[in-house]
Amino acid sequence: MTLLSTTFSAGGLAGMLIGVIIGAMILGAIIGFFITRAMVKKQLKDNPPVTEKQIRAMYMSMGRKPSESDIKKTMRAMQQAKK
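Calculation criteria
Residues numbered from 1 in each chain as written. Predicted model: local features only at pLDDT ≥ 70, side-chain atom pairs only at ≥ 80, totals over all residues. Heavy atoms only, no water. Helix = DSSP H or I, 4+ residues; strand = E, 2+ residues; numbered from the N terminus. Buried < 20%, exposed > 50% of the residue type's maximum accessible area, 1.4 Å probe, protein only. Areas by Shrake-Rupley, 256 points an atom, 1.4 Å probe, with all protein chains shown as cover. Lys, Arg positive; Asp, Glu negative; His and termini not counted. Charge placed at Lys NZ, Arg CZ, Asp CG, Glu CD. Expected span 1.5 Å × (residues − 1). Arc of directions from axis to C-beta. Contact = heavy atoms within 4.5 Å. UniProt positions renumbered as here; feature names shortened; annotations may be inferred.

Caption draft 1: Region of interest: the overall build of the chain. Counting secondary structure elements, the chain contains three helices and zero strands. Its helices and strands taken in sequence order, the chain reads α-α-α from the N to the C terminus. With respect to the principal axes defined by its C-alpha atoms, the chain has extents near 90 × 20 × 15 Å. Within the chain, buried positions represent 8% of all 83 residues. With an accessible surface of roughly 7,300 Å², the chain has 70% of that area assigned to carbon and sulfur atoms. Within the chain, one finds 13 positive and 4 negative side-chain charges whose respective centroids are separated by 5 Å.

Structure (structure tokens):
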């Protein structure tokens, strides 16, 4: 008997099919993880989140000394605008 002419029993074929399906799902999850991670990194690089330090610098460039409540209010307004 040669290797090409072997026959599989119904249980062997079903087991191999289930193994291939599970393997494909695991491989897809791994590839999806790396693609998603790359997309998130690119998005954060292109659109970095605004920090309190940057808001403070913006107020200073406009010629006024910001109070802590001004900074907190601006941060809240920016978070609300993102939603």
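Caption draft 2: Representation of helix α3 (residues 68-82) in the model. Compared with the 21 Å implied by 1.5 Å per residue over 15 residues, the 21 Å span of α3 between its first and last C-alpha is a close match. For α3, every residue scored as buried is listed here: D70, I71, T74 and M75. Taken end-on, α3 shows its buried residues confined to a sector of 135°, consistent with a single buried face. Seen from the buried face of α3, the exposed residues on the opposite side, beyond 90 degrees, are K73, R76 and Q80. Contacts from the buried residues of α3 go to α2 (52-61).

Caption draft 3: Local environment of the side chain of D70. Following the sequence through the fold, D70 ends up in helix α3. Here D70 falls in the buried class, since its relative accessible area comes to 15%. Among residues more than four places away in sequence, those in contact with D70 are Y59 and R64.

Caption draft 4: Quick peek at the UniProt feature "transmembrane region" (unreviewed entry) in the chain. Mapped onto this numbering, the UniProt entry annotates "transmembrane region" (unreviewed entry) at residues 12-35. For residues 12-35, the helix share is 100%, the strand share is 0%, and the end-to-end C-alpha distance is 34 Å.

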